[in-house]
Amino acid sequence: MIGFLLDGLIAAGLVGLAYQAVTSRSLFRGIIHFVVFGLTMALAWARVGAPDLAMAEAAIGAGLTGALMLVAYRRLVEDRRDAPVDPGPAKSRLALPIAIGSGLLVGVIGLSALFSDVEPGQAGQAVLADLQQVDLGNPITGVLLLYRGIDTLLEVAVLLTAFLAARALAGSESGTGSPTTQGPETPMVGALLAVVIPLTVLVSVHLLRAGSYEPGGAFQAGAVLAGAGVLLILSGRIAAAETAGLLVRMGLLAGLVSFILIGLTPLLHGGPLLALPGLWAVYFIETAMMVSIAITLVLLFAGGGGLKRGKHG
Amino acid sequence: MDSLGLYVLAAAVLFGVGVYGLIVSEHLMRKLFAINIMGNAIFILLVAASGPVEGAPDPVPQALVLTGIVIAVSATAFALALMVRLYQETGQATLSSRDEGDDG
Amino acid sequence: MTPTDLITLSLLLAGCGFYLAGTVGLLRFPDVFCRLHALTKADNLGLFLVCSGLAVHSGDWRIVSLLLLIWLVGLLAATVSAHLIARHAHEHEADAPEEENELR
């Protein structure tokens, strides 16, 4: 009963926050509502029994998306102080009927899927039965790397492509507007970093290692590591550079390249593409992907092509 | 009705809110919120409607959604870069043609 | 209900009370400094009470030390971010009235 009440509260909160995010008066409020919406989504994932998704949502969906939106907002505001940033909502007579219709459509699809008599989740049962033989306790990591390897490979490629496209759009003149704090340094930030950065690295390594037998994995670990990078950028320890050094380039490509190389090797002795040769390959690819995901996300936040020592570094 | 049904209903309402926001909002960042909210609604639907396997939600849709979350943040980052560039070029972050006549 | 449950329940309820007070302060106090004062003091104590309630409930040293770590990290993050917000507000007191309005 209390669980159902909690679920109702979370569901109502999601809807209210989403409405606030798209209609609130100022854009800044919208961003804050969107970030809280992401955190509430993480709670919802935890409630439906998907802790992997809860962690990914909290780190990527709420944390990094919110940080990226705040950086973009700041670039909009400081570019032209006097310009009107937000024209406010448009008037549309069709909006409400279309919204209600599409909501009904999704509701009918979802409820009919939920209450249909079809035996649910045969693929999931097959995965769980299959993974008993491999020493991989987390079925989601198993699905991501053993059964849907091509999707995961392309996902890393999409992330890299998004970074390259954003980099190409930014042009050369805007590489300097990095989101560093201004003003004199305070000793408290240093104290915070001294505790939080090692702890963040520890947590992300734990998440990576845990990903093979309990909730966690390369994406969550990479996002947490990227959070440490965002903190370092905000405190001016590292800053965006025009071009990437060799180490950053290698880090950017590590996940994609190692996945492709290991995925291609089975072809040499007549096996199928992306049939990973063993658990070590899973661990290796996950580690490389964690590094790549973290560096890509940090560079997207920094808005530059590479990283260098910041003014407080 | 159980909790999963509740989340499916919430997903339906969220999708409606997302569509409404996408139509109504002028600012591109708000349209991005709306698109992300629609995406999240579909994610909830995928996981909640797939039904549990051995007590936990089906791992296959969970893996799909995990991929989806990362793709969503990639697309959002790219869209934000597009928006900032549009603002630098034109001085506004909307696609509206309200003050230039009705050609859009 | 065992005495342990009773202690847990009262600690959790007390923690929730402090969170409520902090949030009311955040919403109702007039300026940045008063709000930070409400938020940091009340919420840190609330977090401590909730953590200790859960620690009593679990009775496992591993979980107790994790909860202690959570409280300490939360304390550190709240302290530093409140300090940074307050310093920024103090430096820009005169020239940023509209940003303050947006936060309201």
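Residues numbered from 1 in each chain as written. Chains lettered and ligands numbered in written order. Predicted model: local features only at pLDDT ≥ 70, side-chain atom pairs only at ≥ 80, totals over all residues.

Visitor: Could you give an account of the overall build of chain A, with specific residues and numbers?
Guide: For chain A, the count of helices and strands is eleven helices and two strands. Sorting the 313 residues of chain A into buried and exposed places 42% on the buried side. (Helix = DSSP H or I, 4+ residues; strand = E, 2+ residues; numbered from the N terminus. Buried ≥ 20, exposed ≤ 12 C-beta atoms within 10 Å, placed from the backbone.)

Visitor: Describe the overall build of chain B, with residues and values.
Guide: Per the secondary structure count, chain B includes three helices and two strands. N-terminal to C-terminal, the α/β element order of chain B is α-α-β-β-α. The burial tally for chain B puts 64% of its 104 residues in the buried class. Considering only contacts in chain B between residues 6 or more positions apart, those separated by 24 or more positions represent 47%. (Contact = placed C-beta atoms within 7 Å.)

Visitor: How would you summarise the domain arrangement of chain A if you had to cite specific residues and measurements?
Guide: Residue and element names in this part refer to chain A. The assigned domain composition of chain A is domain 1 (1–81) and domain 2 (126–313). Across the boundary between the two partners, domain 1 contributes 13 residues, which contact 17 residues of domain 2. Here the residues of the side of domain 1 that touches domain 2 are counted per class, giving nine nonpolar, one polar and three charged. (Domains from an automatic or database assignment. Nonpolar A, V, L, I, M, F, W, Y, C, P; charged D, E, K, R; others polar.)

Visitor: Please provide a residue-by-residue account of the interface of chain A and chain C, values included.
Guide: Contact residues are listed per partner, giving ten residues for chain A and seven residues for chain C. Elements with a contribution of two residues or more to the side of chain A that touches chain C: α2 (27–47) and α8 (187–210) of chain A. When residues in the side of chain A that touches chain C are grouped by element, the largest group, five residues, is from α8(A). Classifying every residue of the side of chain A that touches chain C by side-chain character gives six nonpolar, three polar and one charged.

Visitor: Give a detailed account of the nonpolar core, specifying residues and quantitative values.
Guide: Core analysis: the biggest nonpolar cluster contains 134 residues, and A:L14, A:A18, B:Y7, B:A10, B:A11 and B:L14 have the highest contact counts within it. Sort the elements by how many residues they give to this core and helix α1 (residues 3–24) of chain B lands first, with 16 residues. A domain split of this core shows at least three residues from each of domain 1 (1–81) and domain 2 (126–313) of chain A. For B:Y7, the residues in contact, after removing those within four places along its chain, are A:D7, A:A11, A:A44, A:V48, B:I44 and B:A48. Grouped together as the second largest cluster of nonpolar side chains are seven residues, C:L11, C:L47, C:F48 and C:L49 included. (Core = buried A, V, L, I, M, F, W, Y, C linked by C-beta atoms within 7 Å.)

Visitor: Give a detailed account of helix α1 (residues 2–23) of chain A, specifying residues and quantitative values.
Guide: Given 3.6 residues per turn, any residue in an α-helix points the same way as the ones three and four places further on. Between its terminal C-alpha atoms α1(A) stretches 31 Å, which fits the 32 Å expected from 22 residues at 1.5 Å a residue. Inspection of α1(A) places A:D7, A:I10, A:A11, A:L14, A:V15, A:L17, A:A18, A:Y19, A:A21 and A:V22 among the buried residues, and these make up the whole buried set. Considering only its buried residues, α1(A) is in contact with α2 of chain A together with α1 and α2 (28–49) of chain B. (Expected span 1.5 Å × (residues − 1).)

Visitor: Go over the confidence of the model for chain B with me, naming the residues and quoting the values.
Guide: Any region with low pLDDT has predicted coordinates that should not be read closely. Residues and elements named next belong to chain B. For chain B, the average pLDDT comes to 84, and 88% of its residues sit at 70 or higher. Below a pLDDT of 50 lies the segment residues 100–104, which in the model reaches two contacts outside its immediate sequence neighbourhood of four places, other chains included. In the model output, the complex is listed with pTM 0.87 alongside ipTM 0.90. (pLDDT = per-residue confidence, 0-100.)

Visitor: Hey, could you go over the interface of chain B and chain A for me, with residue numbers and the actual values?
Guide: Interface size, as often reported, equals the accessible area lost upon joining of the parts. With 71 residues of chain B at the interface, the matching set in chain A holds 80 residues. When residues of the side of chain B that touches chain A are traced back to their parent elements, those giving at least two are α1, α2, β2 (56–57) and α3 (59–90) of chain B. The dominant element in the side of chain B that touches chain A, judged by the number of residues it contributes, is α3(B), at 24 residues. The residue makeup of the side of chain B that touches chain A, split by class, is 48 nonpolar, 18 polar and five charged.

Visitor: Help me get a handle on the environment of C:G53, residues and values and all.
Guide: Residues and elements named next belong to chain C. You can see G53 is positioned in helix α2 (residues 32–58). The buried category is assigned to G53, around which 21 C-beta atoms lie within 10 Å. The spatial distance from the C-alpha of G53 to the C-alpha of C16 is 11 Å, given a sequence separation of 37 residues. In this view, G53 contacts T8, L11, L12 and G15; residues no more than four positions away in its chain are not counted.

Visitor: Tell me about the environment of C:I7, and name the residues and values.
Guide: Following the sequence through the fold, C:I7 ends up in helix α1 (residues 3–28). Here the alpha-carbon distance between C:I7 and C:L76, two residues 69 residues apart in the chain, equals 27 Å.

Visitor: Help me get a handle on the packing of helix α10 (residues 246–268) of chain A against helix α11 (residues 279–302) of chain A, residues and values and all.
Guide: Between two packed helices, the angle of one axis relative to the other and the distance separating the axes together describe the packing. Residue and element names in this part refer to chain A. Running from N to C, α10 and α11 cross one another at 150°; their axes reach a closest spacing of 8 Å. Crossing angle aside, the handedness with which α10 passes α11 is left-handed. Contacts between α10 and α11 involve V248, G251, L252, L253, A254, G255, L256, S258, F259 and I262 on the former and, on the latter, A281, F284, I285, A288, M289, V291, S292, I293, I295 and T296. In terms of residue class, the contact of α10 with α11 is built from 15 nonpolar, five polar and no charged. (Axes fitted to C-alpha atoms, helices over the stretch in contact; angles between N-to-C directions. Left-handed = near helix turned anticlockwise from the far one by under 90°.)

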